[in-house]
Amino acid sequence: MTMTDDEQKEQLKGFMKRYGSPILTGVLLALIIFFAWEWWQKNNHIKASNLTVQYQNLLNQVEMASQDKTAYSKLSADADKIVQENPDSAQAVQAQLLVAKLAFEREDYATANKVLTQATQSKVKDEGLKAIAKLHLAHTQVAQKQIDAALKTLESIHLAAFTPSVEEAKGDIFVAKNNPEAAIKAYQKAWDELIKREQPRELLQIKLANLGILVEDPAIKSPILSPTAMPSPASES
């Protein structure tokens, strides 16, 4: 049965009266969510850009800060501002690593230890950055003769990408503790992993040799074809 125009209008009015408010509310809610998401994305992008600029400013100060005490104090203050305002950002951890490096070079191991400890406690999602902070913390602890603490710090690094560096650092510690067997085991584990990755590390090879273990260089596949592998003019014709 075909409805007249008036009947269709009356049906539409009834439909809108009954369902119009929920539909309108749903549309408004969808718009609010959309614009809120757009604002959040834009705000986060601006925030990240500002943090990157702030960190770049720190990098620009490094050379002067490594030579001048006043410049070092300014860099430390600028880095602390980044950390205070955005404690769990990647830039905050990078700033802490930068300050710790300068402090270590000045043999201010207590400051380096404090800054790196804070960095390892960051909630930043980049586990690689935290692993780097832990690795540097372990070296700082060794410099402070906190040997057992350094080993504990290294044991807390579980990312496979850091296995060679972690095991080599453990080997260094065991050498310092006059435990050559444990040192060889750690160094060998690091070397075996490097062999898999085809990444030679000459210093590690020397450390093993000093303990009486001779290892061969890993076979590196060259991207350049050898003369015998190249086709001869005759074969191309």
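Because the structure is predicted, anything quoted here is derived from the model rather than measured. (Residues numbered from 1 in each chain as written. Predicted model: local features only at pLDDT ≥ 70, side-chain atom pairs only at ≥ 80, totals over all residues. Heavy atoms only, no water.)

## Description of the pattern of salt bridges
- In total, this model carries 11 salt bridges according to the counting rule given.
- Here Asp148 ties to Lys177 by a salt bridge, and the two come within 3.4 Å at their closest N and O atoms. A residue pair is termed long-range when its members are at least 10 positions apart, and Asp148 in helix α6 (residues 147-155) and Lys177 in the loop between α7 (163-176) and α8 (180-197) qualify at 29 residues.
- Since its relative accessible area comes to 56%, Asp148 is described here as exposed. (Salt bridge = Lys/Arg side-chain N within 4 Å of Asp/Glu carboxyl O. Helix = DSSP H or I, 4+ residues; strand = E, 2+ residues; numbered from the N terminus. Buried < 20%, exposed > 50% of the residue type's maximum accessible area, 1.4 Å probe, protein only.)

## Quick word on the environment of Lys130
- Inspection of the secondary structure puts Lys130 in helix α5 (residues 127-143).
- When the C-alpha positions of Lys130 and Thr120 are compared, they lie 5.3 Å apart, and in sequence the two are 10 residues distant.
- If near-sequence neighbours (up to four positions away) are discounted, Lys130 is found in contact with Ala119, Thr120, Ser122 and Val124.
- A distance of 2.9 Å separates a polar atom in the side chain of Lys130 from the backbone oxygen of Ser122. (Contact = heavy atoms within 4.5 Å. Polar contact = N/O pair within 3.5 Å; in protein donor to acceptor, adjacent residues only side chain to side chain.)

## What to know about the nonpolar core
- Counting 27 residues, the largest nonpolar core has Leu58, Ala65, Leu75, Val93 and Leu97 as its most contacted members.
- Those elements that place two or more of their residues in this core are α1 (5-65), α2 (69-85), α3 (90-105), α4 (109-120) and α5.
- Element by element, the count of residues in this core is highest for α3, at nine residues.
- In this structure, Leu75 is in contact with Leu58, Gln61, Val62, Ala65, Val99 and Leu102, ignoring residues within four places of it in sequence.
- Membership of the second largest hydrophobic core comes to 23 residues, among which are Leu151, Phe174, Leu194 and Leu208. (Core = buried A, V, L, I, M, F, W, Y, C linked by side-chain atoms within 4.5 Å.)

## Re helix α9 (residues 202-210)
- Along α9, the positions that sit buried rather than exposed are Leu204, Gln205, Lys207 and Leu208. Projected down its long axis, α9 shows its buried positions confined to an angular sector of 160 degrees, all on one face. Turned more than 90 degrees from where α9 packs its buried face, Glu202, Leu203 and Asn210 sit exposed.
- Looking at the packing, one finds that the buried side of α9 touches α7 and α8.
- Directly beyond the C-terminal end of α9, a positive phi value near 85 degrees is found at Gly212. (Arc of directions from axis to C-beta.)

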